Amino acid sequence: MTPEDLKEALKQVKYPGFSRDIVSFGLVRSAGFVDGTAKVALALTTSDPKIPLFLRNEVEKCLRALPGVTATIVDVAVTAPKAAPVAATTGNLAGNEGAPKAIRFAIAIASGKGGVGKSTFAINLSCAIAQILTKRGRPGKTGLMDCDIYGPSIPLMAGIHDRPEVEGDTIIPMERHGLKVMSMGFLVDDNTPVVWRGPMVMKTIQQFVQNVRWGELDVLIVDLPPGTGDAQLSLVQALPLDGAVLVTTPQPAATNVARKGGLMFQKVNVPLIGVAENMSYFLDPGGQRHAIFGEGGGKKIADSLGTVLLGQVPLLQEIRAGGDAGEPVAVSAPDSPAGRIFHDIAAKVLAILESKRP
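Since we're looking at a predicted model, the values are computed, not measured. (Residues numbered from 1 in each chain as written. Predicted model: local features only at pLDDT ≥ 70, side-chain atom pairs only at ≥ 80, totals over all residues. Heavy atoms only, no water.)

> Honestly, the overall build of the chain in this entry has me stumped. Any pointers?
Helices and strands together make up the secondary structure of the chain, namely eleven helices and 17 strands. Evaluated residue by residue, the chain yields a buried proportion of 49% over its 358 residues. Pairs at least 24 residues apart make up 73% of the contacts formed inside the chain by residues separated by at least 6 positions. Carbon together with sulfur atoms contributes 53% to the accessible area of the chain, which is approximately 16,400 Å² in total. (Helix = DSSP H or I, 4+ residues; strand = E, 2+ residues; numbered from the N terminus. Buried < 20%, exposed > 50% of the residue type's maximum accessible area, 1.4 Å probe, protein only. Contact = heavy atoms within 4.5 Å. Areas by Shrake-Rupley, 256 points an atom, 1.4 Å probe, with all protein chains shown as cover.)

Here it is, written out as structure tokens:
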């Protein structure tokens, strides 16, 4: 039996609290098999004494089930995580307390209903903000947290196919397109549906805020699932928000529900940065506009909520194609019509945030 055979078998052992295995997390430092004895060395960084004991027992159980294994030796090296500095706090625009000072602004991207292209908007807005901050000499200061627990699409749209590393109780976010990215999609297998009730969703969002090493960020963008339920309320409790952007399509079926989302944020004292109208119109090859989903809905909902219309994003094939390829149009073609729209909206969002708290 080869070391590779042992490691393949150890992929059955999941790290506590995750669906990801200890091999892909990089915790198995060595594996060997001699005269019926399987020997495995693990290296962990944790302050929880239960985790090493749990993993030792699970690894031994896994190894004993292998044919030809008559004895096991499991060495577990444990390193205590570095003490994190106590974070100072700063209030958000609504006066809430508790946001880590390392995150200057935190904003939510929300929608009342699904199917309006919220995640596509979120990834392009995040990339555009990252590019603006990079030009200001602030590279790597933008984060994107995908809180769509049941249907995470940010990993695909960001073009990230690897898994994050874990150091003790801390997850290291993935990085691409100038963004630090965290998503439930990094922690579950592609064929594993997330079938959770509200409390589990709430706990995961809290962990994304508290247990991900975001570092110093100028802006953290949070892509929320549709609706006004557990995920939205959990985020507001875990991370004081400096504002929210509502994404809607022009027709009443979307704007009526988006309005309820805006009222929810106002009720919990999160200011609205503005409304973005997605799939606003279709541009044919001749440059003619076609209002496929109607028109005027974004402006109407912005006016009713006392906020501004940030911009109108057209229905263009290159936006969809960029998301499917993991190359958002705001990155791959920033000077295209679609790219310029996302950059214009990003500049407006930053200007509104900085006008409230320079």
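> Explain the sheet that holds strand β13 (residues 243-248) here, please?
Through backbone hydrogen bonds, the strands of a sheet pair up, either in parallel or in antiparallel fashion. An order of β10-β11-β7-β12-β6-β13-β14-β17 is seen for the eight strands of this open sheet, with the pairing classed as mixed. Looking along the sheet, the strands with just one partner apiece sit at the ends: β10 (174-176) and β17 (309-312). Taken pair by pair, the neighbouring strands of this sheet meet at an average axis angle of 25°, ignoring direction. Taken strand by strand, helix α3 (residues 118-135) contacts β6 (103-110), β7 (142-146), β11 (179-183), β12 (217-223), β13 and β14 (272-277), and its axis lies near 175° from that of β12. Strands in contact with helix α11 (residues 337-356) are β6, β12, β13, β14 and β17; relative to β17, the strand with the most contacts, it is inclined by about 170°. (Pairing = 2+ DSSP bridges. Axes fitted to C-alpha atoms, helices over the stretch in contact; angles between N-to-C directions.)

> Help me understand the side chain of Ser183, please; the structure alone is not making it clear to me.
Structurally, the position occupied by Ser183 is in strand β11. With a relative accessible area of 0%, Ser183 lands in the buried category. A distance of 2.9 Å separates polar atoms of two side chains, one belonging to Ser183 and the other to Asp146. The residues contacting Ser183, other than those within four sequence positions of it, are Asp146, Pro152, Pro155 and Phe208. (Polar contact = N/O pair within 3.5 Å; in protein donor to acceptor, adjacent residues only side chain to side chain.)

> Is there a simple way to explain the packing of α3 against α11 in this structure?
For any two helices packed against each other, one specifies the crossing angle of their axes together with the interaxial distance. In the contact formed by α3 and α11, the axes pass within 8 Å of each other and the chain directions differ by 70°. One way to sum up the angle between α3 and α11 is to call them roughly perpendicular. The handedness of the crossing between α3 and α11 is right-handed. From α3, Phe121, Asn124, Leu125, Ala128, Ile129, Gln131, Ile132 and Leu133 reach across to α11, where they touch Phe342, His343, Ile345, Ala346, Ala347, Val349 and Leu350. In the contact of α3 with α11, the residues fall into twelve nonpolar, three polar and no charged. (Parallel < 35°, antiparallel > 145°, perpendicular 65-115°, else oblique. Left-handed = near helix turned anticlockwise from the far one by under 90°. Nonpolar A, V, L, I, M, F, W, Y, C, P; charged D, E, K, R; others polar.)

> For this particular structure, what's the right way to read the sheet that holds strand β1 (residues 28-34)?
If you trace the three strands from one edge of the open sheet to the other, you get β1-β2-β3, paired in mixed fashion. Strand pairing shows two members of the sheet lacking a second neighbour, β1 and β3 (71-79), which therefore form its edges. This sheet shows a mean twist of 10° between the axes of neighbouring strands, independent of strand direction. Bridging between β1 and strand β2 (residues 37-45) involves six bridges; their strand directions are antiparallel. If you follow Ser30 over to β2, its bridge partner there is Ala41.

> Explain the confidence of the model for the chain here, please?
A residue-level look at the chain finds 84% of positions with pLDDT of 70 or above and a mean pLDDT of 83. For residues 193-198, every residue scores under 50 in pLDDT, and the model assigns this stretch eleven contacts once sequence neighbours within four places are set aside. (pLDDT = per-residue confidence, 0-100.)

> Would you take a moment to explain the pattern of salt bridges for this structure?
Pairing of side chains with opposite charge becomes possible as their charged atoms draw close. One pass over the structure, following the stated rule, counts 13 salt bridges. Note that Asp223 and Lys118 form a salt bridge whose closest N and O atoms lie 2.8 Å from each other. Placement of the pair is Asp223 in strand β12 and Lys118 in helix α3, with a sequence separation of 105 residues. The class of Asp223 is buried, set by a relative accessible area of 0%. In this structure Lys118 comes out as buried when scored by relative accessible area, which is 6%. (Salt bridge = Lys/Arg side-chain N within 4 Å of Asp/Glu carboxyl O.)

> Sorry if this is basic, but what is going on with helix α2 (residues 50-64) here?
Because an α-helix packs 3.6 residues into every turn, residues spaced three or four apart end up facing the same way. Taking 1.5 Å as the rise per residue, α2 with 15 residues should run 21 Å; its terminal C-alpha atoms sit 21 Å apart, in good agreement. Among the residues of α2, those classed as buried are Ile51, Pro52, Leu55, Val59, Glu60, Cys62 and Leu63. The buried side chains of α2 occupy one side of the element, clustering within an arc of 160° when seen end-on. Pointing more than 90 degrees away from the buried face of α2 are the exposed residues Lys50, Leu53, Lys61 and Arg64. (Expected span 1.5 Å × (residues − 1). Arc of directions from axis to C-beta.)

> Please explain the nonpolar core as it appears in this structure.
In a soluble, globular protein the nonpolar side chains are often hidden away together inside. Of all hydrophobic cores here, the largest spans 100 residues; its most connected members are Leu55, Val59, Leu63, Phe121, Phe265 and Val349. The biggest single contributor to this core is α3, with ten residues. Apart from the residues within four sequence positions on either side, Leu63 is in contact with Leu6, Leu10, Ala38, Val40, Val69, Thr72 and Val74. (Core = buried A, V, L, I, M, F, W, Y, C linked by side-chain atoms within 4.5 Å.)

> Even after reading the chapter, I still don't get the packing of aromatic side chains, so can you show me in this structure?
Remark: the centre distance and the inter-plane angle together describe each pair of aromatic rings, the angle taken between the planes. Tallied over the full model, the rule gives one aromatic pair. Ring centres of Phe121 and Phe342 lie 6.1 Å apart, and the angle between their planes is 55°; this geometry places the pair in the tilted category. One end of the pair, Phe121, is in helix α3; the other, Phe342, is in helix α11, and 221 residues separate them in sequence. As far as the burial class goes, Phe121 and Phe342 line up, both buried. For Arg289, the ring lying beneath its charged end belongs to Tyr281, and the centroid distance is 3.8 Å. (Phe/Tyr/Trp six-rings, centres within 6.5 Å; stacked < 30°, edge-to-face > 60°. Lys NZ or Arg CZ within 6 Å of the ring centre and 35° of its normal.)

> It is not clear to me how the packing of helix α1 (residues 3-10) against α2 should be interpreted in this structure. Could you clarify?
Across the interface, α1 lies against α2 with an axial gap of 10 Å and an inter-helix angle of 120°. Our classification of the angle between α1 and α2 gives oblique. Note that α1 runs across α2; the crossing there is right-handed. Along the contact surface, α1 presents Leu6, Ala9 and Leu10, while α2 presents Val59, Cys62 and Leu63. Among the residues forming the contact of α1 with α2, the class breakdown is six nonpolar, no polar and no charged.

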